[in-house]
Amino acid sequence: MKLAFTLIALVTLGTSTHLGAEESENNLREELIEQIIDIAKANTGKVDQAEETEEEIQPLIDALLDITPERSEAEKSSQVAGAWRNLWSNTAFGPGTNYDQVYQIVSTEGYYYNVSETKLGRLSFTSFLRGEYVDEGTQLGIRFTSNAIRYGFYPAGTALVTLTTDFEKGDIPSINVPGPIGVTGDLANVYVDDKLRIVVGAQDGQEDRDIFILERTETILP
């Protein structure tokens, strides 16, 4: 009986230690995620401070990836699909971009849209930049295929997946505009969960890697 009790105690202790370590790692992960999101939100649109922000946020990204099991792009695809708001990037977007209203909507059918508000003077437009992607294992090969705008920006609450699905079907009138059509590159979803997505990528021939911090959303935000 004493031997049996000792064995049970050792097993319980081992399980408790394992659960304690797992809980600590989960707590650390949540803390890192919140810090990354907070820094990204505090620096949305601050293009002139991108280098300083990257120096602050990169160690947190590295720490998060250190405790995150590696997965292929195929394994991440179901979590990546859907709509995201871009909180911060170390690269500048097009002229007139309202950095508070930049979204990416990823379809499981091999294409995605960058939807954003573009302001030209007092006028506001919705920009639809379309790209296609191919699974290359640990990263995605991408190619931009079209760029168009529509007068006016959609109101808060507009469902983003529905919006881009309608645009893909040709149900939304728009005007084609110059853009990076035909430009190719790669990107990797280095981290994704139900709240945060971190993307790293570059155009072909580009040495530095672009970083994008995105937060899950279903609709256009206020």
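Residues numbered from 1 in each chain as written. Predicted model: local features only at pLDDT ≥ 70, side-chain atom pairs only at ≥ 80, totals over all residues. Heavy atoms only, no water.

Enquirer: Just to check I follow, could you spell out empty space enclosed by the protein for this structure?
Expert: Tallied over the full model, the rule gives one cavity of 30 Å³ or more. By volume, the largest cavity amounts to about 60 Å³. In terms of lining residues, the largest cavity is bounded by Val-80, Gln-104, Val-106, Tyr-112, Tyr-133, Leu-140, Ile-142, Leu-187, Asn-189 and Arg-197. Those elements that provide at least two residues to the lining of the largest cavity are β2 (97-106), β5 (140-151) and β7 (184-192). (1 Å grid on protein atoms, 1.4 Å probe; cavity = no way out; pocket = protein on both sides within 12 Å on 5 of 7 lines; lining within 4 Å. Points joined across faces, edges and corners; volume = space filled by probe spheres on them. Helix = DSSP H or I, 4+ residues; strand = E, 2+ residues; numbered from the N terminus.)

Enquirer: Please clarify how helix α3 (residues 73-80) should be interpreted in this entry.
Expert: The periodicity of an α-helix, 3.6 residues per turn, causes residues three or four places apart in sequence to face the same way. Considered for burial, the residues of α3 that qualify are Glu-73, Lys-76 and Val-80. One side of α3 holds all its buried residues, which, seen down the axis, span an arc of 65°. Of the residues flanking the end of α3, it is Gly-82, one or two places downstream, whose phi is positive at about 115°. (Buried < 20%, exposed > 50% of the residue type's maximum accessible area, 1.4 Å probe, protein only. Arc of directions from axis to C-beta.)

Enquirer: Is there a simple way to think about the side chain of Thr-44 in this case?
Expert: Mapped onto the elements, Thr-44 comes out in the loop between α1 (2-42) and α2 (50-66). Overall, the relative accessible area of 15% leaves Thr-44 in the buried class. Here the side chain of Thr-44 touches Leu-87 through a polar contact of 2.4 Å, landing on its backbone oxygen. Setting aside residues no more than four positions away along its own chain, Thr-44 makes contact with Arg-85, Leu-87, Tyr-99 and Asp-100. (Polar contact = N/O pair within 3.5 Å; in protein donor to acceptor, adjacent residues only side chain to side chain. Contact = heavy atoms within 4.5 Å.)

Enquirer: Got a minute to help me understand the layout of surface pockets in this structure?
Expert: The probe, sized like a water molecule, is rolled over the atoms to show the empty space still left. Taken as a whole, the largest pocket holds about 930 Å³ of empty space. Considering the residues around the largest pocket, the lining is formed by 37 residues, among which Phe-93, Gly-94, Asn-114, Leu-129 and Phe-144 are closest to the centre. Listed by contribution, the elements that provide at least two residues to the lining of the largest pocket are β2, β3 (111-120), β4 (123-135), β5, β7, β8 (196-203) and β9 (210-216). Residues of the lining of the largest pocket, tallied by class, amount to 20 nonpolar, 14 polar and three charged. Roughly 250 Å³ of internal volume is contained in the second largest pocket. As for the second largest pocket, its lining consists of Leu-65, Thr-68, Pro-69, Glu-70, Arg-71, Ser-72, Lys-76, Thr-138, Ala-188, Val-190, Tyr-191 and Val-192. Sort the elements by how many residues they give to the lining of the second largest pocket and β7 lands first, with four residues. By residue class, the composition of the lining of the second largest pocket is six nonpolar, three polar and three charged. (Nonpolar A, V, L, I, M, F, W, Y, C, P; charged D, E, K, R; others polar.)

Enquirer: It is not clear to me how the confidence of the model for the protein chain should be interpreted in this structure. Could you clarify?
Expert: Detailed reading of predicted coordinates is not advised where the pLDDT is low. The pLDDT averaged across the protein chain works out to 92; a share of 91% of its residues lies at or above 70. Within the model, the stretch residues 1-13 combines pLDDT values under 50 with zero contacts to residues more than four positions away or in other chains. (pLDDT = per-residue confidence, 0-100.)

Enquirer: What's the story with the pattern of salt bridges in this structure? I'm lost.
Expert: For side chains bearing opposite charge, pairing can occur when the charged atoms are close. Applying the stated criterion across every chain, the model contains eleven salt bridges. Among the ionic pairs, Glu-215 bridges to Lys-41, the shortest N-O distance being 3.4 Å. Of this pair, Glu-215 sits in strand β9 while Lys-41 is found in helix α1, placing the two residues 174 residues apart along the sequence. Owing to a relative accessible area of 16%, Glu-215 belongs among the buried residues under this scheme. For the salt bridge of Glu-132 with Arg-143, the shortest nitrogen-to-oxygen distance reads 3.1 Å. Highlighted residues: Glu-132 in strand β4 and Arg-143 in strand β5, separated in sequence by eleven residues. Overall, Arg-143 belongs to the partly exposed group, its relative accessible area being 38%. (Salt bridge = Lys/Arg side-chain N within 4 Å of Asp/Glu carboxyl O.)

Enquirer: Sorry, what's going on with a nonpolar patch on the surface here?
Expert: Together, Leu-120, Leu-123 and Tyr-151 make up a nonpolar patch on the protein surface, roughly 330 Å² of accessible area in all. If you trace the backbone, Leu-120 turns up in strand β3. (Patch = residues over 30% accessible without salt bridge, like charges linked within 9 Å, V, L, I, M, F, W, Y side chains within 5 Å. Areas by Shrake-Rupley, 256 points an atom, 1.4 Å probe, with all protein chains shown as cover.)

Enquirer: Could you clarify how one ought to interpret the nonpolar core in this entry?
Expert: The nonpolar side chains of soluble globular proteins are, as a tendency, buried together. Grouped together as the largest cluster of nonpolar side chains are 18 residues, with contacts concentrated most on Ile-36, Ile-57, Ile-61, Leu-64, Leu-196, Ile-198 and Ile-213. Residue assignment for this core shows that the elements contributing at least two residues are α1, α2, β1 (82-89), β8 and β9. The leading source of residues in this core is α1, at six residues. With residues up to four places along the chain from it excluded, the contact list for Ile-61 reads Ile-36, Ile-198, Ile-211 and Ile-213. Ala-83, Ala-148, Leu-160 and Phe-167 belong to the second-largest nonpolar core, a separate cluster that totals 15 residues. (Core = buried A, V, L, I, M, F, W, Y, C linked by side-chain atoms within 4.5 Å.)

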